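Residues per chain, in single letters:
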Amino acid sequence: MYIRAASNISPQNTFGNQPFLSELVEYTGDKLSCIEPDYKALIDPKLIRRMSRIIKMGVACGMDCLQQAGIDLPDAIITGTAYGCLEDTNTFLSKMVQQNEEALAPTAFIQSTHNTISAQIALLLQCHSYNNTFVNGGASFENALLDAMMLLREGGARNILVGGIDEITINSHAILKRMGLYRRQSISPFELLNFPDKGTMAGEGAAFFLLSNQPSDNAWAKIDGVSGFYKPRNTAEIQQQISNFLSSQSISIDDIDLVLTGKNGDTKNDSVYQQMQHAVFIETPVIGYKHLCGEYPTSSAFALWLAANILKTGGVPAALEQAGTPVKKILIYNHYQNTHHSLILLSAC
Amino acid sequence: MDKLMADLKEQIIEQLNLQDVKPEEIGDDQPLFGDGLGLDSIDALELIVLLQQKYKVKLSNAEEGPKIFRSVRTIAEFIENSKIPNA
């Protein structure tokens, strides 16, 4: 499965014609919010007025990805989102309470469903093909990828638009912070990984990929395999899952040039990666990516964009302090809340 | 009536999130749907909610909708005509 094009709206300068992470954006506080483009240049202003922030991010990113690939009409649109259109859901539910369940405005309700983004893209393109949204917590994006992979293998499609999207809202951030997911004190994201403590930083993003079963001259990278496992009982099981995945790809860990992990600065979260670093990734360079995008259930979409860009450009950007070694094969290993674990293997084209 | 129409224009812009439209750009008799302001069926639902919320006026006969929502003036007339006279 080849990545023909990729587009990414994130807390870093990643959207549009930007140099690849040449300068990282610094944050303070406990969340990393997306740097959003001028949507009027990308979406019909008549349609923008009904779109909440996450819909604009997703639609702009998906359309940009298609433009980059030179594809007018994909054979399928598949998205993954854990929280969906939270802001619209919040608006709708708040008005239900405020207005005593009477005379509710329809727009927020219509837009609050999880499949809104993929549906909006399809409506804009008049694309009547396969359209699916996966809402599986921390495995949402991975399941969208697996669906695309199966569709391409079965010959049901040649070009598929796949995306992962999640947003931070004031309410979701407050609730998740109360649950202990985020740091109590402000910290720079660049210090986050070096000073593990309880909690991490919230993040959000939209990343879309045009995936194809055919190689092309300008393909960014090739996705060799995707695998996921749920609630591993112990470290040994994680180790076994990684080993099985690499065996299924007929490679060993020595064939991997770089491992991209979902390290997020939370002591409990990162102990899983530390154990794997001592047991499996002993000699392989390992870097984290969540100091760039924050923690959210579909952050692996950001990781895929990062890995694909590293393979496209041939190396890790200097800002990530791992520059030098040519990179041809990358393993992304992420887990969300030690519940959903995923492995994505990519190779240079 | 003029005050009511001015208020309606502001509320229509806010309710329908017409970001680039200013109240003075909406004519009293300008058509709201079709070629005029370009509103659609979802906007019609939003306007029904607006009338119910702000003016406590209910549209009882859906067939009257196109006539009532033709322009800001027709909406204002509908609101005026629907007011319960003081006892």
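This write-up is about the structure you can find in this document.

Turning our eyes to something else, we now look at the overall build of chain A. Within chain A, the regular secondary structure consists of twelve helices and ten strands. Relative to the compact-globule value of 20 Å for 349 residues, chain A shows a C-alpha radius of gyration of 19 Å, a close match. With the principal axes as the frame, chain A shows a C-alpha extent of 60 × 45 × 40 Å. Looking at chain A residue by residue over its 349 residues, the buried ones come to 58%. Counting contacts in chain A only where the partners sit at least 6 residues apart, residues at least 24 apart contribute 76% of the total. Only carbon and sulfur atoms are counted for the fraction: they give 48% of the accessible area of chain A, which is about 14,600 Å². Looking at chain A, you have 25 positive and 32 negative side-chain charges, and the mean spots of the two groups are 4 Å apart.

With that settled, consider empty space enclosed by the protein. To locate leftover empty space, one rolls a probe as large as a water molecule over the atoms. All names here are of chain A. Counted by the stated rule, this structure contains one cavity of 30 Å³ or more. What the largest cavity holds in volume is close to 70 Å³. Around the largest cavity, the lining residues are Tyr83, Glu167, Ile168, Ser172, His173, Leu176, Tyr182, Gly203, Glu295, Tyr296, Pro297 and Tyr336. With three residues, the single largest contributor to the lining of the largest cavity is helix H7 (residues 170–178).

Right, let's talk about the packing of aromatic side chains for a bit. Any pair of aromatic rings gets described here by the distance separating the centres and the angle formed by the planes. Residue and element names in this part refer to chain A. Counted according to the given criterion, the structure contains six aromatic pairs over all chains. Pairing Phe141 with Phe209 gives two aromatic rings, centres 5.9 Å apart and planes at 45°, and the pair type is tilted. Note that Phe141 is positioned in helix H6 (residues 140–154) and Phe209 in strand E5 (residues 205–212), a separation of 68 residues in sequence. Take Phe141 and Phe209: they sit in the same class, and that class is buried. Measuring from ring centre to ring centre gives 5.7 Å for Phe302 and Trp305, while their planes differ by 45°; the resulting arrangement is tilted. One end of the pair is Phe302 and the other is Trp305, both in helix H12 (residues 300–313) and three residues apart, which spans about a single turn. Note on accessibility: Phe302 and Trp305 belong to one class, buried. Three or more aromatic residues link up through ring pairs in this structure, and these residues are Phe20, Tyr289, Phe302 and Trp305.

Turning our eyes to something else, we now look at the packing of helix H1 (residues 2–16) of chain B against helix H2 (residues 41–55) of chain B. Residue and element names in this part refer to chain B. The interhelical angle for the contact between H1 and H2, taken along N-to-C directions, is 125°, at an axis separation of 10 Å. Taken together, the axes of H1 and H2 are oblique relative to one another. Considering only the axes of H1 and H2, their crossing is right-handed. Together, Leu4, Asp7, Leu8, Gln11, Ile12, Gln15 and Leu16 of H1 and Asp43, Glu46, Leu47, Val49, Leu50, Lys54 and Tyr55 of H2 make up the contact between the two elements. Of the residues belonging to the contact of H1 with H2, the class tally is eight nonpolar, two polar and four charged.

Before going further, it helps to spend a moment on the environment of Leu4(B). Residues and elements named next belong to chain B. For Leu4, the location among the structural elements is in helix H1. Residues Leu4 and Arg73, spaced 69 residues apart in sequence, show a C-alpha to C-alpha distance of 9.1 Å. Among all residues touching Leu4, those that are not within four sequence positions of it are Tyr55, Ala76, Ile79 and Glu80.

Time to look at the sheet that holds strand E6 (residues 221–230) of chain A. Residues and elements named next belong to chain A. Reading across the sheet, the ten strands line up as E3-E2-E4-E5-E1-E6-E10-E9-E7-E8 and stay open at both edges, with mixed pairing between neighbours. On the outer flanks of this sheet lie strand E3 (130–134) and strand E8 (286–288), each paired with one strand and no other. Pairwise comparison of adjacent strand axes, ignoring direction, gives a mean angle of 20° for this sheet. Lying on the sheet, H6 is in contact with strand E2 (76–80), E3, strand E4 (159–166), E5, E6 and strand E10 (340–347); it crosses E4 at an angle near 175°. Contacts from H12 reach strand E1 (2–9), E4, E5, E6, strand E7 (258–261), strand E9 (329–336) and E10, with the element oriented near 170° to E9.

With that settled, consider the interface of chain B and chain A. Residue-level contacts link 15 residues of chain B with twelve residues of chain A. A buried area of about 1,100 Å², summed over both sides, lies between chain B and chain A, and 48% of it is on carbon and sulfur atoms. The largest contributions to the chain B side of the interface with chain A come from Ile42(B), Glu46(B) and Gln53(B), which together make up 35% of the buried area. In this structure, the connection of chain B to chain A is made through four salt bridges.

Rules of the game
- Residues numbered from 1 in each chain as written.
- Chains lettered and ligands numbered in written order.
- Predicted model: local features only at pLDDT ≥ 70, side-chain atom pairs only at ≥ 80, totals over all residues.
- Heavy atoms only, no water.
- Helix = DSSP H or I, 4+ residues; strand = E, 2+ residues; numbered from the N terminus.
- Rg over C-alpha atoms; globule rule 2.2 N^0.38 Å.
- Buried < 20%, exposed > 50% of the residue type's maximum accessible area, 1.4 Å probe, protein only.
- Contact = heavy atoms within 4.5 Å.
- Areas by Shrake-Rupley, 256 points an atom, 1.4 Å probe, with all protein chains shown as cover.
- Lys, Arg positive; Asp, Glu negative; His and termini not counted.
- Charge placed at Lys NZ, Arg CZ, Asp CG, Glu CD.
- 1 Å grid on protein atoms, 1.4 Å probe; cavity = no way out; pocket = protein on both sides within 12 Å on 5 of 7 lines; lining within 4 Å.
- Points joined across faces, edges and corners; volume = space filled by probe spheres on them.
- Phe/Tyr/Trp six-rings, centres within 6.5 Å; stacked < 30°, edge-to-face > 60°.
- Axes fitted to C-alpha atoms, helices over the stretch in contact; angles between N-to-C directions.
- Parallel < 35°, antiparallel > 145°, perpendicular 65-115°, else oblique.
- Left-handed = near helix turned anticlockwise from the far one by under 90°.
- Nonpolar A, V, L, I, M, F, W, Y, C, P; charged D, E, K, R; others polar.
- Pairing = 2+ DSSP bridges.
- Buried area = accessible area lost by both parts, 1.4 Å probe.
- Salt bridge = Lys/Arg side-chain N within 4 Å of Asp/Glu carboxyl O.

Limitation: the analysis is restricted to geometry and does not speak to function.
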